[in-house]
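# Topology and contacts: notes
So the chains spell out like this:
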Amino acid sequence: MPSVTHEALVELFKNRPTLAAEMLRDALGHPVPTFTEARVESSDFTEIVPSDRRADVVVVLLVGEQQQPAMAIVVEVQLGVDPDKPYVWPVYVTQTRARHRCPTGLLVVTINAAMARWSARPIDTGHPGWTLTPLVLGPQRVPVVTDAEQAKAAPEVAVLSAMAHGQSEAAEAIGEAFFAAAAGLDEERRAVYGDLVLSSLNAAARRKLEAMMKSGYEFQSEFARSYVAKGVEKGREQGRLEGILEARARDVLAILEARGLEVPAEVRERVLASTDLDELDRWIRRAAVISDAQELLATTDS
């Protein structure tokens, strides 16, 4: 089941169809054709893949009076390692290209640095000359929006900024910029986005902003009441889990390095990105006996 963060990021790209093109052009420096409209299209590929396998968002950039497709962008939000994605992502690209008959790119969005590295790995399709290299918008490429005018012009970018940088020193300035611009939003987006921004900020920034709102902030949107508020309540528990995961991952790498084994970058990234305690415990046991770090990711236990 998709997480709150996953669904929130997907909604940003659906609510602002130009966001995918803006991030490709402005954050990643990827060429984007001049277009007159950006439209969210169907992302269902059930004719090729099972019904539970569909892209998060498909945006088509249109040009001219006839609204001809100039480019399509498949947007995938990726928050955890999924071994199926290197196989289904090429399907998403080719099916979108065939459906809209225009150049098509794959934009992977994540707010986790380790996942950004994992997602950016080239995918060798097996066909000569066809290697799909995803275009990845990771936290380091998301702009830090601390200017109210910039937040007003692109509120979805401001929310994305909070989600990517809300634990940094810029958190308070990011929050202030968003809430200074929030008055211009419709009631629904103001409630949902405000909740997302507050729940993404570190505790100090959140307290400061809530104090600025005088009587204390209560989550305003139905989205927040159903998902975000629940996530905030569990935030401390989640933080402890993340600390345990990171410690176990560091233990795996420390054992390999103490034994003098060279740890390839792909192994290191896979270990640091793991969110499975059982898997990490298995790797700790295996790290003590294997003779090559590449053996760590084998599917059978040692």
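Just above, that's the structure.
What comes next concerns the included structure. (Residues numbered from 1 in each chain as written. Predicted model: local features only at pLDDT ≥ 70, side-chain atom pairs only at ≥ 80, totals over all residues. Heavy atoms only, no water.)

### Here we look at the pairing of strand S4 (residues 104–109)
The condition is simple: Residue burial is assigned from relative accessible area. The probe radius is 1.4 Å, only protein chains are included, and a residue is buried under 20% of its type maximum, exposed over 50%, and partly exposed in between. The helix and strand labels rest on DSSP assignments: H or I over at least four residues marks a helix, E over at least two residues marks a strand, and numbering proceeds from the N terminus. The criterion for strand pairing is that DSSP finds at least two bridges linking the strands in question. When the strands point away from the viewer, a crossover counts as right-handed if the route from the first strand across the helix to the second turns clockwise.
Where burial is concerned, most of S4 is hidden: six out of the six residues are buried. Of the two faces of S4, both are covered, the one formed by Thr104, Leu106 and Val108 as well as the one formed by Gly105, Leu107 and Val109. Sheet analysis places strand S3 (residues 68–77) next to S4, joined by six bridges and oriented parallel. Each bridged residue has a counterpart across the sheet, and for valine 74 the counterpart in S4 is leucine 106. Running through helix H3 (residues 85–100), the crossover from S3 to the neighbouring parallel element S4 is right-handed. In this structure, S4 lies alongside strand S7 (residues 135–137), joined through three bridges in parallel fashion. Note on S7: the bridge partner recorded for valine 108 is valine 136.

### Quick look at the pattern of salt bridges
Where we set the bar: One side-chain nitrogen of Lys or Arg within 4 Å of one carboxyl oxygen of Asp or Glu is enough to make a salt bridge.
A full pass over the atoms with the stated rule returns 13 salt bridges. Between glutamate 156 and arginine 16 there is a salt bridge, with the nearest N and O atoms lying 3.7 Å from each other. Of this pair, glutamate 156 sits in helix H6 (residues 155–165) while arginine 16 sits in the loop between helix H1 (4–15) and helix H2 (19–27); the two residues are 140 residues apart in sequence, bridging distant segments of the chain. Like arginine 16, glutamate 156 is buried. Here arginine 248 makes a salt bridge to aspartate 281, at a shortest N to O gap of 2.8 Å.

### Digging into the layout of surface pockets
Defined as follows: Put plainly, a pocket is an open set of points on a 1 Å grid over the protein atoms alone with protein on both sides within 12 Å along at least five of seven lines, a cavity is a set where a 1.4 Å probe fits but cannot get out, and a lining residue has an atom within 4 Å of a point. Grid points are joined across faces, edges and corners, and a volume is the space filled by probe spheres set on the points. Residue type decides the class: Asp, Glu, Lys and Arg count as charged, Ala, Val, Leu, Ile, Met, Phe, Trp, Tyr, Cys and Pro as nonpolar, and the leftover types, Gly among them, as polar.
Empty space within the second largest pocket amounts to approximately 220 Å³. If you go around the second largest pocket, the residues you meet are Val81, Pro83, Pro86, Tyr87, Trp118, Arg121, Glu266, Val267, Arg270 and Leu297. Counting only elements with at least two residues in the lining of the second largest pocket, the list comes to H3 and helix H12 (265–273). In terms of residue count, the dominant contributor to the lining of the second largest pocket is H12 (three residues). Partitioning the lining of the second largest pocket into residue classes produces seven nonpolar, no polar and three charged.

### Quick notes on the environment of valine 145
Short version of the rule: Between two residues, a contact is recorded if the distance between any of their heavy atoms is within 4.5 Å.
Assignment of secondary structure puts valine 145 in the loop between S7 and helix H5 (148–153). In sequence terms valine 145 and glycine 175 are 30 residues apart; their C-alpha atoms lie 9.0 Å from each other. With residues up to four places along the chain from it excluded, the contact list for valine 145 reads Gln150, Ala151, Val157, Ala158, Ser161, Ala173, Ile174 and Ala177.

### Considerations on the packing of aromatic side chains
The way to describe two aromatic rings as a pair is by their centre distance and the angle between their planes. Note the threshold: Stacked, edge-to-face and tilted are the three classes for Phe, Tyr and Trp ring pairs, Trp counted by its six-membered ring, which pair at centre distances within 6.5 Å; planes under 30 degrees apart are stacked, over 60 edge-to-face, the rest tilted.
Here the structure, examined in full by the defined rule, presents two aromatic pairs. Ring geometry for tryptophan 89 and tryptophan 118: centres 6.4 Å apart, planes at 65°, overall edge-to-face. Taken together, the residues tryptophan 89 in helix H3 and tryptophan 118 in helix H4 (residues 113–119) connect sequence positions 29 residues apart. Judged by relative accessible area, which is 2%, tryptophan 89 ranks as buried.

### Overview of the sheet that holds S3
Sheet strands line up and pair through hydrogen bonds in the backbone, either parallel or antiparallel. Inclusion rule: Between N-to-C directions, angles span 0 to 180 degrees; the directions come from axes that are lines fitted to C-alpha atoms, helices contributing only their stretch in contact.
Read from one edge to the other, the open sheet built from five strands follows the order S1-S2-S3-S4-S7, with strand pairing classed as mixed. For this open sheet the edge positions go to strand S1 (37–41) and S7, each flanked by a neighbour on one side alone. Shown here is a sheet whose adjacent strand axes are inclined to one another by a mean of 30°, direction ignored. Seen against the sheet, H3 touches S1, strand S2 (57–63), S3 and S4 and runs at an angle of roughly 160° to S3.

### Notes on H1
Owing to its 3.6 residues per turn, the α-helix aligns residues three or four sequence positions apart on the same side. Where we set the bar: Multiplying one less than the number of residues by 1.5 Å gives the expected span of a helix.
For H1, built from twelve residues, the straight-helix expectation of 16 Å at 1.5 Å per residue is met to within 8% by its first-to-last C-alpha distance of 16 Å. When we look at burial in H1, the residues that qualify are His6, Ala8, Leu9, Val10, Leu12 and Phe13.

### Looking at the packing of H6 against helix H7 (residues 171–181)
Note the cut-off: Angles are sorted into four bins: roughly parallel if under 35 degrees, roughly antiparallel if over 145, roughly perpendicular if 65 to 115, and oblique for all others. By the definition used in this description, the sense in which the near helix is turned from the far one sets the handedness, with an anticlockwise turn below a right angle giving left-handed and a clockwise turn giving right-handed.
Relative to each other, H6 and H7 sit at 160°, their axes nearing to 10 Å. On the basis of their axis angle, the class for H6 and H7 is roughly antiparallel. Here H6 runs over H7; the crossing is left-handed. Mapping the contact onto sequence places Ala158, Val159, Ser161, Ala162 and His165 in H6 and Ala171, Ile174 and Phe178 in H7. Across the contact of H6 with H7, the residue classes tally to six nonpolar, two polar and no charged.

### Considerations on the nonpolar core
Defined as follows: Only buried residues count toward a nonpolar core. Its members are Ala, Val, Leu, Ile, Met, Phe, Trp, Tyr and Cys residues joined through side-chain atoms within 4.5 Å.
If you look at the biggest cluster of nonpolar residues, it comprises 50 residues, and the most contacted ones within it are Leu12, Phe13, Ile73, Leu107 and Leu137. With seven residues, H6 is the largest single contributor of residues to this core. Contact partners of leucine 137, with chain neighbours within four places excluded, come to Phe13, Met23, Ala27, Leu28, Leu107, Val108, Val109, Thr110, Val142 and Leu160.

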